[in-house]
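Take a look at the letters that make up each chain.
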Amino acid sequence: MKFFIDTANLNDIREANDLGILDGVTTNPSLMAKEGITGAENILQHYVDICNIVDGDVSAEVNSVDFEGMIKEGVALAALHKNIVVKIPMILEGIKAIKYLSGKGIRTNCTLIFSSGQALLAAKAGATYVSPFIGRLDDISTNGLDLIAQIRLIFDNYAYNTEILAASVRHPMHIINCAEIGADVMTGPLSAIKALAKHPLTDLGLQQFLADFAAGNK
Ligand code: E4P
């Protein structure tokens, strides 16, 4: 499973990248705003800065909701760097834009997926990735992981190349469960990625090893 980090924070991106396990980055307009990145030029430059840190796919989201606007933005975003994947919202105009952009060889990530029917539509349009938001489904007392399983089944039935990018990941169990189900990619915060490494028995065991080594090598 590929690991993407879901942030626009350059320090977090650098820290995850330095672990050597990072395959890409996803951002969204809210994450950009959280980092204080505003204004078209600054936003574009921020995508370039991210691409200069990580050698992997970087999702850059359009802000238009009409076909013409989305393809104009999508073409401009894709021209920024070879690793840019244009993030398009799951609306009918977005489906048209995904079809158009994929026909031009521009890779897309269909975002805000909350049902398997939406994922099927995006795959048929040629999306490179679909992003089901599992945490936001959990937030409304729905099982987000069930959606990943449904999409996995549908994509496998028809051998779609579209990758399932499990998004809105909130904690390490989301990552583990997504890996069990067979999501192609997960995108989550640095905290969830780092939490995978933690186990109290590891800490205790290491403490003991270090103590025993120190005692025998005084
Ligand atoms: C996906 O690409 C989105 O940026 C993200 O995963 C949304 O996560 P949230 O529900 O935690 O905001």
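Quick caveat, the model's predicted, so the values are computed rather than measured.

**A word on the site of the ligand**
Reasoning step 1: The immediate surroundings of the ligand are formed by Asp6, Thr26, Asn28, Lys87, Phe133, Arg136, Ala167, Ser168 and Arg170.
Reasoning step 2: At 2.7 Å, a side-chain N or O of Asn28 approaches an oxygen atom of the ligand.
Reasoning step 3: At 2.7 Å from an oxygen atom of the ligand is found a side-chain nitrogen or oxygen belonging to Arg136.
Reasoning step 4: Within the complex, 86% of the 340 Å² of free accessible area of the ligand lies under protein.
Reasoning step 5: Its residues assigned to classes, the shell around the ligand comprises 2 nonpolar, 3 polar and 4 charged.

**So, the side chain of Ser59**
Reasoning step 1: Position of Ser59 relative to the elements: it lies in strand 3 (residues 57-61).
Reasoning step 2: With near-sequence residues (within four places) excluded, Ser59 lies in contact with Val25, Thr26, Thr27, Tyr47, Val85, Lys87 and Asn109.

**With respect to helix 3 (residues 40-53)**
Reasoning step 1: Helix length check: helix 3, at 14 residues, gives a terminal C-alpha distance of 21 Å against a target of 20 Å (1.5 Å per residue), a fit within 8%.
Reasoning step 2: Within helix 3 the residues assigned to the buried category are His46, Tyr47, Ile50, Cys51 and Ile53. For helix 3, the buried positions fall inside an angular range of 160 degrees around the axis, keeping them on one side. In helix 3, those exposed residues whose orientation departs by more than 90 degrees from the buried face are Glu41 and Asn52.
Reasoning step 3: Along its buried surface, helix 3 packs onto helix 1 (10-18), strand 2 (24-26), helix 2 (29-34), strand 3, helix 4 (67-78) and strand 4 (84-89).

**Points about the packing of helix 6 (residues 116-124) against helix 8 (residues 144-158)**
Reasoning step 1: The geometry of helix 6 relative to helix 8 is characterised by a closest axis approach of 9 Å and an angle of 40 degrees between their N-to-C directions. Here helix 8 runs oblique to helix 6, going by the angle between their axes. The element helix 6 and its partner helix 8 pack so that their crossing is right-handed. Every residue of helix 8 that contacts helix 6 at Ser116, Ala119, Leu120 and Ala123 is listed here: Leu147, Gln150, Ile151, Ile154 and Phe155.
Reasoning step 2: Of the residues contributing to the contact of helix 6 with helix 8, the split by class is 7 nonpolar, 2 polar and no charged.

**Some points on the environment of Ile84**
Reasoning step 1: Here Ile84 lies in strand 4.
Reasoning step 2: Take Ile84: its relative accessible area is 3%, and that puts it in the buried class.
Reasoning step 3: Sequence-wise, Ile84 and Met70 are 14 residues apart; in three dimensions their C-alpha atoms are separated by 15 Å.
Reasoning step 4: Excluding its chain neighbours within four sequence positions, the residues that come into contact with Ile84 are Tyr47, Cys51, Val58, Ala60, Leu77, Ala78 and Arg107.

What counts as what
Residues numbered from 1 in each chain as written. Predicted model: local features only at pLDDT ≥ 70, side-chain atom pairs only at ≥ 80, totals over all residues. Heavy atoms only, no water. Near = heavy atom within 4 Å. Polar contact = N/O pair within 3.5 Å; in protein donor to acceptor, adjacent residues only side chain to side chain. Areas by Shrake-Rupley, 256 points an atom, 1.4 Å probe, with all protein chains shown as cover. Nonpolar A, V, L, I, M, F, W, Y, C, P; charged D, E, K, R; others polar. Helix = DSSP H or I, 4+ residues; strand = E, 2+ residues; numbered from the N terminus. Contact = heavy atoms within 4.5 Å. Expected span 1.5 Å × (residues − 1). Buried < 20%, exposed > 50% of the residue type's maximum accessible area, 1.4 Å probe, protein only. Arc of directions from axis to C-beta. Axes fitted to C-alpha atoms, helices over the stretch in contact; angles between N-to-C directions. Parallel < 35°, antiparallel > 145°, perpendicular 65-115°, else oblique. Left-handed = near helix turned anticlockwise from the far one by under 90°.

So yeah, pure geometry; function would need other evidence.
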